[in-house]
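Each chain is listed here by its residues.
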Amino acid sequence: MKRAHLYILAGLLTALALAFFFYKVIVFGFPLKPETRTDIWRVEVQLQFEADGGPVKASLFLPQRTGALMVLDQSFVSAGYGLTTEPQPGVGTRAIYSVREAKGLQSLYYRAVVQSARLPEDPSRDPRPSVETPALADPQLAAARTVVGAVQRQSADAATFAALLVKRLKEARSGDEADFLLGYQPSNSRLVNVAVQLLQLAGIPARAVNGIALAPERRNAQFHRWIEYHAGGRWRTLHVRNVVEQPGQVFLPWWRGTSPVAEVSGGKNLRHTIGTSRSYEYAMRAAVAQQRELEKRFVEFSLFGLPLQAQSLFRTILVIPVGILLLVALRNIVGVKTFGTFMPVLIALSFRATGVLWGVVFLSIVVGLGLAVRFYLEQLKLLLVPRLAAIVIVVILLLATLTVISHHLGFDRGLSIGLFPIVILTMTIERMTLVWEERGAAEAFQQAAGSIFVGALCYLLMNVRVVEHLAFVFPELLLIVLAATLLLGRYTGYRLTELRRFKVLAR
Amino acid sequence: MMNAFDIARRLRAAGVLGLNGRNAEYTLPYNRRDCYPLVDDKALTKQLAMSAGVAVPELYGVIEIHRQMRELPALIAQHWDFVVKPARGSQGDGIVVVTGRTGSLFRVADGTFLDEEEMTFHVSNILSGIYSLGGQTDKALIEYRVIFDPVFEAITYRGVPDVRIIVFLGVPVMAMVRLPTRVSGGKANLHQGALGTGIDMATGRTLTAVWGTSIVEEHPDTGNPVAGVTIPRWDVLLELGARSYELTGLGYQGIDIVLDRDKGPLILELNARPGLAIQMANREGLRLRLEQVERYHTGLKTIAERVAFAKERFAARPAPLQ
């Protein structure tokens, strides 16, 4: 009776999930595999400021078609604000948000869909621009001339001049002319500005360009500034940062010149955050090609309709059930011993931030040192709650210390370890000492190893790109995971470890 | 070398119960959630047993809150030997058996000594819930230390051996003696290294034993054979087991009984999720016996009938030819 009920429920859930799944695949054409090369990107800017209560005017530069990228679609979300766009020749396009009266925290959003342009810009439409003479004060001008002269003697054409100039500026020694022009500890932006001035001084048309590097999932992207100079009839790009992070990295130019990306009058504490993601959004085809009303609405009400930051959060959350299913199978069918019920999944989540190898190392170090402290505290005979509190404090200090050390050793991965649930670590240490005292070190290590082993397996499964893709694009598949979990709830067979345990009875 | 499927098939044929099977088919359907507190809290179990006239070790006192800790020295000063245990402890964790004094020190069953400060710390840990299921705050019981019947003397290394009986719907189905060893530190828990010896339900005579996952014939510390010891007053033990069903209302439970030299069988505690190693101690699966009880229990009205059923049906089979 109960079994029939369970099978029907599991069957219904699976059927429902498959129905949705196939409808989305066949009718809407949602992709089954994460695309290996995607050239559609979504960029989202959030502008926040505190309005003073009077009229407010906020301006934001918009990305523009340049070179290899084109803005396919853009949208503005700004409740109650009037919106105009204002082209500024030679700089870019600005969006002006305005409102008569606003008070308190204001959030304005701008979203753009960017695609690789199939046809590159026609260079012949771009006549050689005039060179502006940079406005430099006398001492700077003299220093600039010296630098330009020195570099010019070593260079053959505009391209080598630009490259050598940047090299010269980066190698500025304290006290020389380049250092004088750059000032104390120059930022990249400052370096670009000086380089542009020097290029102009040498008669090469040049400008500073601001933009972002497009990355698959980035919640807090930063604006970079780089150089464009005109040579051979077209604009060329020169990045100042010698770290070009990955080959094939795509940069989206945003605006030119040195003004800030956003400005506000009538408000204060202006902040902006930029998120980028590789877009799996099917709405692209729907919006651009077919314009079918139902599909558009469907996409809007799915996870794709969420802001980017929420989307990348859900990418993580939606794979948790897959990890949990694995955990249930490992505990109830294999019979692995772990601390607590869901701790291995939490460990797996923290591995996502650190990578599995480094995560295991870090976890072992923190728990090991924590155990040492716990055994020391044992001698002081402290009561339970203060002792736990003491261990929490020690764990936090350990995390801070290890993070600082790993940063200085050049492992920046350690920085994300702070996401490790501190309280979970503490309870692990406490549980482990108790098991240690009551059942011996062997049992304690067995459970610890079991937890880390299951955590690592969950991590590996949750990190498979296809799994992540399917869970996010087809969340209804999680109903199948639910059905499988329910069925496992009535699994009454032996656990694998029990086969070994009861082996003597198998006569 | 048998493969995993082969082993699983043979175990199933022998009626061996696994953890999943025990939980899904016996403890979940037969043990009502609201009955669990009766056995999870040993103070409650004790009250219940005493009001039903069932013999239990005498309770010297209960420490429920930290303020009562001041009464602890006076309470234990009256007794030369005693046992301190958490009311909600599981699997024997947190139990300290004091066998006597040496000067101002307490002599503990495992051969170590505790001073008064360490004893107070231990009790305060119990109250904080260190040993309790789920970590809730707990009570500490201080009770009579059982002077065990010399019947098991030859096959015990320190500590108190006890008899575990699995009782299903009021019918005792399987039993074993749990014998402390040097490894178990005087504790009668199999997972801590104690020896489990099967018992012939008809006669109360011991069979071979399980130690860890292997079958042994002799006690590892004393070297004496474990089989062939007859438990005195076996019928009383079976009756205690059968009565525990009415006591708690739990369909599937384990009952732990100690044999005191002077006071006879005493119920130590009841367990709503008894372990499965008893099957290895008896070299027999539980499921076949449980299925018989499921089939016939409606016809078994009185305690005497249930005991008689157990003695008749669950007598030890002659040892299989090797």
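Since the model is a prediction, treat every value here as computed from it, not as a measurement.

(A) Expanded view of the overall build of chain A. Scanning chain A from terminus to terminus reveals 17 helices and 13 strands. As displayed, chain A offers around 25700 Å² of accessible surface, 61% of which is attributable to carbon and sulfur atoms.

(B) Quick peek at the pairing of strand S7 (residues 206-214) of chain A. Residue and element names in this part refer to chain A. With nine of nine residues buried, S7 lies mostly within the body of the structure. Across six bridges, the pairing between S7 and strand S9 (residues 224-231) is antiparallel. Residue pairing for S9: arginine 207 is matched across the bridge by glutamate 228. Direction of pairing for S7 relative to strand S11 (residues 250-256): antiparallel, over a ladder of six bridges. Residue valine 209 lies in a different strand from S11, and its bridge partner there is arginine 256.

(C) Quick look at the pattern of salt bridges. Residue and element names in this part refer to chain A. Following the criterion strictly, the structure yields 25 salt bridges over all chains and no others. Measuring nitrogen to oxygen at the nearest pair gives 3.2 Å for the salt bridge that ties lysine 24 to glutamate 476. Linking lysine 24 in helix H1 (residues 2-27) with glutamate 476 in the loop between helix H15 (465-473) and helix H16 (478-488), this pair joins segments that are 452 residues apart in sequence. The exposure class of glutamate 476 is buried, given its relative accessible area of 10%.

(D) Geometry of the packing of aromatic side chains. Residue and element names in this part refer to chain A. For the structure on display, the rule yields 14 aromatic pairs over all chains. When the centroid spacing of 5.2 Å and the interplanar angle of 80° are considered together, the rings of phenylalanine 223 and tryptophan 254 count as edge-to-face. Of the two residues, phenylalanine 223 is situated in the loop between strand S8 (217-221) and S9 and tryptophan 254 in strand S11; the sequence distance between them amounts to 31 residues. On the basis of relative accessible area, phenylalanine 223 is assigned to the partly exposed category, the value being 21%.

(E) Region of the structure containing the sheet that holds S11 of chain A. All names here are of chain A. What the four strands build is an open sheet, ordered S10-S9-S7-S11; its pairing is antiparallel. Sheet topology places strand S10 (234-238) and S11 at the edges, where each strand pairs with a single neighbour. Mean inter-strand twist for the sheet, computed between neighbouring axes without regard to direction, equals 45°. Here helix H3 (residues 158-170) sits on the sheet in contact with S9 and S10, set at roughly 150° to S9.

(F) Main features of the side chain of lysine 46 of chain B. Residue and element names in this part refer to chain B. Counting through the fold element by element, lysine 46 comes out in helix H4 (residues 42-51). Of the polar contacts made by the side chain of lysine 46, one reaches the backbone oxygen of proline 57; its length is 2.7 Å. Excluding residues within four positions of it along the chain, lysine 46 makes contact with Val56, Pro57, Leu59, Leu141 and Glu143.

(G) Focus on the interface of chain B and chain A. With 42 residues of chain B at the interface, the matching set in chain A holds 26 residues. Taken over both partners, the interface formed by chain B and chain A buries close to 3200 Å², and the fraction arising from carbon and sulfur atoms is 59%. In this assembly, chain B and chain A are joined by zero salt bridges. Our enumeration of links across chain B and chain A arrives at eight residue pairs in polar contact (both at pLDDT 80 or more). For the side of chain B that touches chain A, the secondary-structure elements that each account for two or more residues are helix H1 (4-13), helix H2 (19-30), helix H6 (116-128) and helix H8 (278-282) of chain B. Residue composition of the side of chain B that touches chain A, by class: 19 nonpolar, 14 polar and nine charged.

(H) Examining helix H14 (residues 441-462) of chain A more closely. Over its 22 residues, H14 of chain A runs 31 Å from end to end, which matches the ideal 32 Å to within 8%, given 1.5 Å per residue. Among the residues of H14 of chain A, those classed as buried are Glu443, Ala444, Gln447, Ala448, Gly450, Ser451, Val454, Gly455, Ala456, Cys458, Tyr459 and Met462 of chain A.

(I) Molecular detail of the nonpolar core. One finds Leu11, Val173, Ile231, Trp234 and Leu286 of chain B to be the most contacted residues of the largest nonpolar core, which totals 70 residues. Among the elements that make up this core, the one with the highest residue count is strand S8 (residues 171-179) of chain B (seven residues). The contact partners of isoleucine 231 of chain B, leaving out residues within four places of it in the chain, are Phe152, Val163, Val177, Ile199, Gly204, Leu237 and Leu259 of chain B. Residues Val336, Ala348, Cys458 and Phe474 of chain A belong to the second largest nonpolar core, which totals 48 residues.

(J) Structural context of the sheet that holds strand S13 (residues 264-271) of chain B. All names here are of chain B. Taken in spatial order, the seven strands make up an open sheet running S11-S10-S9-S8-S7-S12-S13, and their pairing is antiparallel. Taken across any chain shown, the strands that pair with only one partner, and hence form the sheet edges, are strand S11 (214-216) and S13. Adjacent strand axes in the sheet meet at a mean angle of 30°, parallel and antiparallel pairs treated alike. In this sheet, strand S12 (residues 252-260) lies alongside strand S7 (residues 162-168) in antiparallel orientation, the contact comprising six bridges. In the strand pairing of S12, arginine 164 is matched with aspartate 256.

(K) Seen up close, the side chain of glutamate 498 of chain A. Among the structural elements, glutamate 498 of chain A can be located in helix H17 (residues 496-501). Of the side chains bearing the opposite charge, arginine 495 of chain A lies closest to the buried glutamate 498 of chain A, which forms no salt bridge; the N-O distance is 4.7 Å. Apart from residues lying up to four places away in sequence, glutamate 498 of chain A is in contact with Gly18, Leu19 and Leu276 of chain B.

(L) Focus on helix H10 (residues 303-313) of chain B. Residue and element names in this part refer to chain B. Buried within H10 are the following residues: Arg306, Val307, Phe309 and Ala310. For H10, the arc enclosing every buried residue in end-on projection is 155°, short of the 170-degree limit, so these residues lie on one face. The exposed residues of H10 that point more than 90 degrees off its buried face are Ala304 and Glu312. Structurally, H10 contributes buried residues whose contacts are with S8, helix H7 (234-248) and helix H9 (287-296).

(M) Structural view of a nonpolar patch on the surface. Residue and element names in this part refer to chain A. Taken together, the side chains of Leu18, Phe22, Tyr23, Ile26 and Val27 present a nonpolar region at the surface, about 460 Å² in accessible area. Secondary-structure assignment places tyrosine 23 in helix H1. Classification of tyrosine 23 by relative accessible area gives partly exposed; the value is 41%.

(N) Main features of the packing of H2 of chain B against H9 of chain B. Residue and element names in this part refer to chain B. The N-to-C vectors of H2 and H9 enclose an angle of 30°; their axes lie 13 Å apart at closest approach. One way to sum up the angle between H2 and H9 is to call them roughly parallel. When you trace H2 past H9, the crossing you get is left-handed. Residues Gly21, Glu25, Tyr26 and Tyr30 of H2 lie in contact with H9, whose contacting residues are Arg287, Leu290, Glu291 and Glu294.

(O) Region of the structure containing the confidence of the model for chain A. Residue and element names in this part refer to chain A. Of the residues in chain A, 84% have a pLDDT of 70 or more, and the chain-wide mean is 78. Confidence, expressed as mean pLDDT per element, reaches its minimum in chain A at helix H6 (residues 283-290) with 41 and its maximum at H16 with 94. Confidence drops under a pLDDT of 50 for residues 282-291, and excluding neighbours within four residues, the segment shows 18 contacts in the predicted structure.

(P) The arrangement of unusual backbone geometry in detail. All names here are of chain B. Despite not being glycine, leucine 169 has its phi angle at roughly 50°, a positive value. Of note, leucine 169 is situated in the loop between S7 and S8. Not every positive phi belongs to a glycine, and arginine 233 is a case in point at roughly 55°. Structurally, arginine 233 can be placed in the loop between S11 and H7.

What counts and how
- Residues numbered from 1 in each chain as written.
- Chains lettered and ligands numbered in written order.
- Predicted model: local features only at pLDDT ≥ 70, side-chain atom pairs only at ≥ 80, totals over all residues.
- Heavy atoms only, no water.
- Helix = DSSP H or I, 4+ residues; strand = E, 2+ residues; numbered from the N terminus.
- Areas by Shrake-Rupley, 256 points an atom, 1.4 Å probe, with all protein chains shown as cover.
- Buried < 20%, exposed > 50% of the residue type's maximum accessible area, 1.4 Å probe, protein only.
- Pairing = 2+ DSSP bridges.
- Salt bridge = Lys/Arg side-chain N within 4 Å of Asp/Glu carboxyl O.
- Phe/Tyr/Trp six-rings, centres within 6.5 Å; stacked < 30°, edge-to-face > 60°.
- Axes fitted to C-alpha atoms, helices over the stretch in contact; angles between N-to-C directions.
- Contact = heavy atoms within 4.5 Å.
- Polar contact = N/O pair within 3.5 Å; in protein donor to acceptor, adjacent residues only side chain to side chain.
- Buried area = accessible area lost by both parts, 1.4 Å probe.
- Nonpolar A, V, L, I, M, F, W, Y, C, P; charged D, E, K, R; others polar.
- Expected span 1.5 Å × (residues − 1).
- Core = buried A, V, L, I, M, F, W, Y, C linked by side-chain atoms within 4.5 Å.
- Lys, Arg positive; Asp, Glu negative; His and termini not counted.
- Arc of directions from axis to C-beta.
- Patch = residues over 30% accessible without salt bridge, like charges linked within 9 Å, V, L, I, M, F, W, Y side chains within 5 Å.
- Parallel < 35°, antiparallel > 145°, perpendicular 65-115°, else oblique.
- Left-handed = near helix turned anticlockwise from the far one by under 90°.
- pLDDT = per-residue confidence, 0-100.

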